[in-house]
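One-letter residues, chain by chain:
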Amino acid sequence: MGSGVSFLLGLIQGATEFLPVSSSGHLALMQQLFSVKGDILAYDVLLHFATMLATVVYFRSDMAFLFVQWCRGFLPGGPRNGEGWSFGWAVIAGTAVTAAVGLPLKSVVEWAMTAPGAVGAGLLLTGAILWRGSSIAPAKGNGGKVSLYQGLCIGAVQGLAVLPGISRSGSTIVAGLKTGLPRDDAFRFSFLLSLPAILGATLLEMKDLLELADWSSSLPHGWLAGTAAAFLSGYAALGLLRRLVSRGSWRPLAVYCAVLGVISIILSFPG
């Protein structure tokens, strides 16, 4: 893999990890388009770490505030009616459901990553989800609280979104809106819920990586620039998506996913 392709994969990973257009679907198609050969597990781990770091930096203030509130809830007489207490338990419950739903799909995901038709079907589903999301009326604010039920529902959707072509951010934000979360709360919960899942997936990949002899030699040329591109494009995409969510501007992205999905399915037919 050349340095230009490495940079492009990093740029696409960062942008599509957060924009609701499916990063896994785009990377699968890009790898096939550029005929990427060989083991890219080490580079994949770095790209996922970069996007996770972008999320942490973007939400650093929210994370600190909510975590302190959640911890204070364990103290005698501590506040348990604030958003931090409900948010923390909703993230824990959602993460558990994500693991229960997503882990058994590992073999299906590995197959689908090499099947353009499967990726295309996932992108079509993402387009339908985003189109539906644009018609959901925004709920009123409730002090930033997220119920356990909402956490479980959104966590289950996040587990299914491991399938290539299905946007994790798009499906979980729309699930949050559908369960009654205001737009900004749905956006914030979607990405804070993603952190344990991304960390868990990265650790599993690292476990597989450390079993390889001299894994660092498999890193492609330009991996450092590609990793930096993933972080910067991911951080910028988060700001853009927050504005799109607040406006309910989903339909252009829905059309984009649908068109790309149709192209992917067409490309899956033998020439």
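Remember, predicted model here, so these are calculated numbers, not experimental data.

Q: An account of helix α11 (residues 223–247) is needed here, citing residue identities and associated values.
A: The first and last C-alpha atoms of α11 sit 36 Å apart over 25 residues, in line with the 36 Å expected at 1.5 Å per residue. When α11 is considered as a whole, its buried residues turn out to be Gly226, Thr227, Ala229, Ala230, Ser233, Gly234, Ala237, Leu238, Gly239, Leu241, Leu244 and Val245. One or two positions beyond α11, positive phi appears at Gly248, with a value near 70°.

Q: Could you give an account of the environment of Asp184, naming the residues involved and the relevant values?
A: Assignment of secondary structure puts Asp184 in helix α10 (residues 183–210). On the basis of relative accessible area, Asp184 is assigned to the partly exposed category, the value being 40%. Expressed as a C-alpha distance, the spacing of Asp184 and Leu29, which sit 155 residues apart in the sequence, is 31 Å.

Q: So what's going on with the packing of aromatic side chains? Which residues, and what values?
A: Taken as a whole and judged by the stated rule, the model has 14 aromatic pairs. Here the aromatic rings of Phe67 and Trp70 are separated by 6.4 Å at their centres, their planes lie at 35°, and the arrangement is tilted. Here Phe67 and its partner Trp70 are both found in helix α4 (residues 60–72), three residues apart, which amounts to about one turn of the helix. Take Phe67: its relative accessible area is 52%, and that puts it in the exposed class. For Trp70, a relative accessible area of 18% puts it in the buried group. Here the aromatic rings of Trp70 and Trp89 are separated by 5.5 Å at their centres, their planes lie at 70°, and the arrangement is edge-to-face. You can see Trp70 sitting in helix α4 and its partner Trp89 sitting in helix α5 (residues 83–102), a full 19 residues away along the chain. The cationic tip of Arg168 hangs over the ring face of Phe191; the distance from NZ or CZ to the ring centre is 5.2 Å. Over the face of the ring belonging to Trp131 we find Arg251, whose NZ or CZ atom lies 4.3 Å from the ring centre.

Q: Outline the nonpolar core, listing residues and values.
A: Formed by 37 residues in total, the largest nonpolar core has its most connected members in Ile173, Phe187, Phe189 and Phe191. Of all elements in the fold, only α3 (41–58), α5, α9 (168–178), α10, α11 and α12 (251–268) reach the threshold of two or more residues within this core. The greatest single-element share of this core, amounting to eight residues, is contributed by α10. Apart from residues lying up to four places away in sequence, Phe189 is in contact with Phe87, Ala90, Val91, Val146, Gly151 and Ile154. With ten residues, the next largest nonpolar core counts Leu9, Ile12, Leu47 and Ala230 among its residues.

Rules of the game
- Residues numbered from 1 in each chain as written.
- Predicted model: local features only at pLDDT ≥ 70, side-chain atom pairs only at ≥ 80, totals over all residues.
- Heavy atoms only, no water.
- Helix = DSSP H or I, 4+ residues; strand = E, 2+ residues; numbered from the N terminus.
- Expected span 1.5 Å × (residues − 1).
- Buried < 20%, exposed > 50% of the residue type's maximum accessible area, 1.4 Å probe, protein only.
- Phe/Tyr/Trp six-rings, centres within 6.5 Å; stacked < 30°, edge-to-face > 60°.
- Lys NZ or Arg CZ within 6 Å of the ring centre and 35° of its normal.
- Core = buried A, V, L, I, M, F, W, Y, C linked by side-chain atoms within 4.5 Å.
- Contact = heavy atoms within 4.5 Å.

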